[in-house]
Amino acid sequence: MSKREIDPDFGPYSCMAWKKLTERYGPKINFNQLFSMTKILSFVSNIPIPSKSKKNKVLLILWFDEHLDILWPIIIKKIKVIKADGTVI
């Protein structure tokens with residue numbers, strides 16, 4: 001278990017990972033979008049997703065924040081989010 005997972009001071013919506021994700025993809029990232037991206041990033045980076053995180057948005061954000069130094073370059077280079085109308089976010 002992560003130290004920050006049990007730290008009541010962890011603010012998921014004020015951490016660096018959330019700031020970067022919302023700057024890149026907009027402020028309304030929902031659980032399904034975040035989880036889809038997490039599965040891809042987990043596969044590419046070989047960083048496992050804790051089972052509790054698979055059902056909890058805050059814990060997914062924590063996972064991103066804990067591994068941001070590894071995940072962010074992958075996001076920049078390889079992850080493209082495409083809207084239903086075909087435009088890239």
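Structural data are supplied above this passage.
Here the structure is a predicted model, which means the values were calculated and not measured. (Residues numbered from 1 in each chain as written. Predicted model: local features only at pLDDT ≥ 70, side-chain atom pairs only at ≥ 80, totals over all residues. Heavy atoms only, no water.)

Topic: the overall build of the protein chain
Condition: Numbering of helices and strands starts at the N terminus; helices are DSSP runs of H or I of at least 4 residues and strands are runs of E of at least 2. When accessible area is computed with a 1.4 Å probe and restricted to protein chains, residues below 20% of their type maximum are described as buried, those above 50% as exposed, and intermediate ones as partly exposed. In what follows, a contact means two residues having at least one pair of non-hydrogen atoms within 4.5 Å. Computed with the Shrake-Rupley method and a 1.4 Å probe, the accessible areas treat only the protein chains shown as cover for residues.
Counting its regular elements, the protein chain contains 4 helices and 0 strands. In sequence order, the protein chain lays out its α and β elements as α-α-α-α. The buried share of the protein chain, reckoned over its 89 residues, is 38%. Partitioning the intrachain contacts of the protein chain with sequence separation of at least 6 by distance along the chain shows that 62% fall at a separation of at least 24. Just so you have it, the protein chain exposes about 5900 Å², and 56% of that area is on carbon and sulfur atoms.

Structural notes on the nonpolar core
Rules: Each nonpolar core is a collection of buried residues, namely Ala, Val, Leu, Ile, Met, Phe, Trp, Tyr and Cys, held together in the definition by side-chain atoms within 4.5 Å.
Counting residues in hydrophobic clusters, the biggest one holds 25 residues, and the most contacted among them are Leu21, Met37, Leu41, Phe64 and Ile75. Mapped onto this core, the elements with two or more residues apiece are helix H1 (16-25), helix H2 (31-45), helix H3 (57-66) and helix H4 (68-78). Among the elements that make up this core, the one with the highest residue count is H3 (6 residues). In contact with Met37, other than residues within four places in its own chain, are Leu21, Tyr25, Phe64, Ile75 and Ile79.

Describing the side chain of Ser42
In this fold, Ser42 is placed in helix H2. Discounting chain neighbours no more than four positions away, the residues touching Ser42 are Ile47, Pro48, Ile49 and Trp63.

Thoughts on the packing of H3 against H4
Rules: Where helices are involved, their axes are fitted lines through C-alpha atoms of the stretch in contact, as for all axes, and angles between N-to-C directions lie from 0 to 180°. By definition in this entry, angles of less than 35 degrees are roughly parallel, angles greater than 145 are roughly antiparallel, angles of 65 to 115 are roughly perpendicular, and the rest are oblique. Each residue gets one label: Ala, Val, Leu, Ile, Met, Phe, Trp, Tyr, Cys and Pro are nonpolar, Asp, Glu, Lys and Arg are charged, and the others, such as Gly, are polar.
As a packed pair, H3 and H4 sit with axes 6 Å apart at the nearest point and diverge in direction by 90 degrees. Regarding the angle of H3 to H4, the classification is roughly perpendicular. Across the interface between the two elements, Trp63, Phe64, Asp65 and Glu66 from H3 touch Leu68, Asp69, Leu71 and Ile75 from H4. Residues belonging to the contact of H3 with H4 are distributed by class as follows: 5 nonpolar, no polar and 3 charged.

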